Amino acid sequence: MTELSKIISSYRQANSEGKQAALATVVKVEGSSYRQPGARMLVNEDGILTGAISGGCLEGDALRKALLAIHQKQNKLVTYDTSDEDAVEIGVQLGCNGIVHILFEYIDPENSENPVALLQKVENSRDDHVIVTVFSLKRNAVQVGTSAVYNSDENTGNIQKGLINKVRQAFLDKLSLITNLETEGEEQTVLIEYIPPPLSLIIVGAGNDVQPLSKMADLLGWEVTVAEGRVTHATQKRFPEAKKILIIKSEEFINHIVVDSRTCVVLMTHNYTYDFEVLKQMVTQNCRYIGVLGPKKKLNRMLDDLKNAGRLLTDEQLNKIYGPVGLDIGAETSEEIALSVVAEIKAIMENRDGSSLRDKKEKIHRSIFTIYN
């Protein structure tokens, strides 16, 4: 989500200066690629790049193609074969062994539904969305481009007849897919991209060890909330990247936050009573992850105290509590602990086990489902 936000911000800056821009989007990948469908990069007329469509091997040529799209005010599809060891003209031989199709779209500032205007519908939202991008793999074909944004309440743009059921299904299944569509005898390909809301990280505590965790989470584009009872610690000056700073009593905690399935909580006030009270409230909420900083005996004491208070936790509730918090990477310092916590949260939210990629037998990236009509 952070990439989309940066692209939107960069476009606003360029537009305010009267500069034209183009959007490059990875729309289809065959084989392996550094970036997957949905990766985007904005290019303005000065050649400034925001976002990324590869590990760096395609950006040079993509810059030239984007500037051409700006000059011609026309969408273009370009195919790169990164498995070709002799293709020195596109950069270096990274040996990704994949074919990458990239759509370049001219951003017309006069069009209220241009690609970036549609992407803005996703920004700062706690709702799921689906972005629809229509393209053609045929040479010299008309490239429709980013055409619609869908969610359960409001749809913007144009979703072609025959697509709406697949768009709805992608939304419900929370999965992206690529499908084919025939319009007036012309076959087109459609990237139906599921976009979840950004992860919301609520950090309970405002000590010095919270600062690196807040910074790392913000770097990943997560929405950070810092909640504490001490006015001297929970300040915007100490946590400038936090979206919200809450100074609240522990017993009133749940009344001041919004919790959904993309919410994670880390308890790290170093105050047992405060952490315990928040845990008691959060364990019944629809959050995916509750991390408890401190030794295992601290968490065991909390669970015993909950049991003694008549609060018997279900297996589902117990399974979302992680204590001691973080992956086992040998973390000692606050920065290292923050790294282990962020990595564990990311793994949990992606249904991964946090193991080394060296031991992975299947592909690194999750496949996008392809449907052929």
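Our structure's up above, just so we're on the same page.
Summary of the structure given here. (Residues numbered from 1 in each chain as written. Predicted model: local features only at pLDDT ≥ 70, side-chain atom pairs only at ≥ 80, totals over all residues. Heavy atoms only, no water.)

1. So, the overall build of the protein
At step 1: Check the secondary structure of the protein and you find nine helices and 17 strands.
At step 2: Since a compact globule built from 373 residues should have a radius of gyration of about 21 Å, the 23 Å found for the protein is in line with a globular shape.
At step 3: With the C-alpha coordinates of the protein rotated into their principal frame, the extents come out at 70 × 45 × 40 Å.
At step 4: For the protein, the residues scored as buried account for 47% of the 373 residues in total.
At step 5: Long-range pairs, those at least 24 residues apart, make up 61% of the contacts in the protein with a sequence separation of at least 6.
At step 6: As presented, the protein carries roughly 18,800 Å² of accessible surface, and 48% of it is formed by carbon and sulfur atoms.
At step 7: Here the protein carries 42 positive and 50 negative side-chain charges, and the mean point of each set is 3 Å from the other. (Helix = DSSP H or I, 4+ residues; strand = E, 2+ residues; numbered from the N terminus. Rg over C-alpha atoms; globule rule 2.2 N^0.38 Å. Buried < 20%, exposed > 50% of the residue type's maximum accessible area, 1.4 Å probe, protein only. Contact = heavy atoms within 4.5 Å. Areas by Shrake-Rupley, 256 points an atom, 1.4 Å probe, with all protein chains shown as cover. Lys, Arg positive; Asp, Glu negative; His and termini not counted. Charge placed at Lys NZ, Arg CZ, Asp CG, Glu CD.)

2. Describing a negative patch on the surface
At step 1: The grouping of E182, E184, E186 and E187 at the surface amounts to a negative patch.
At step 2: Looking at the element boundaries, E182 is found in strand β9 (residues 177–183).
At step 3: With relative accessibility at 60%, the residue E182 sits in the exposed group. (Patch = residues over 30% accessible without salt bridge, like charges linked within 9 Å, V, L, I, M, F, W, Y side chains within 5 Å. Salt bridge = Lys/Arg side-chain N within 4 Å of Asp/Glu carboxyl O.)

3. Examining the packing of aromatic side chains
At step 1: Tallied over the entire structure, the rule returns three aromatic pairs.
At step 2: An angle of 80° between the planes, with centres 5.5 Å apart, marks the rings of Y150 and F171 as edge-to-face. With a gap of 21 residues between them, Y150 in strand β7 (residues 145–150) and F171 in helix α4 (residues 164–173) connect regions that are remote in the sequence. This pair shows no difference in class: Y150 is buried, exactly as F171 is.
At step 3: Their ring planes at 15° and their centres at 4.9 Å tell us that Y289 and Y322 sit as a pair that is stacked. Of this pair, Y289 sits in strand β15 (residues 289–292) while Y322 sits in strand β16 (residues 321–322), placing them 33 residues apart in sequence.
At step 4: In this arrangement the basic side chain of R301 is found over the ring face of Y272, its NZ or CZ atom lying 3.7 Å from the centre. (Phe/Tyr/Trp six-rings, centres within 6.5 Å; stacked < 30°, edge-to-face > 60°. Lys NZ or Arg CZ within 6 Å of the ring centre and 35° of its normal.)

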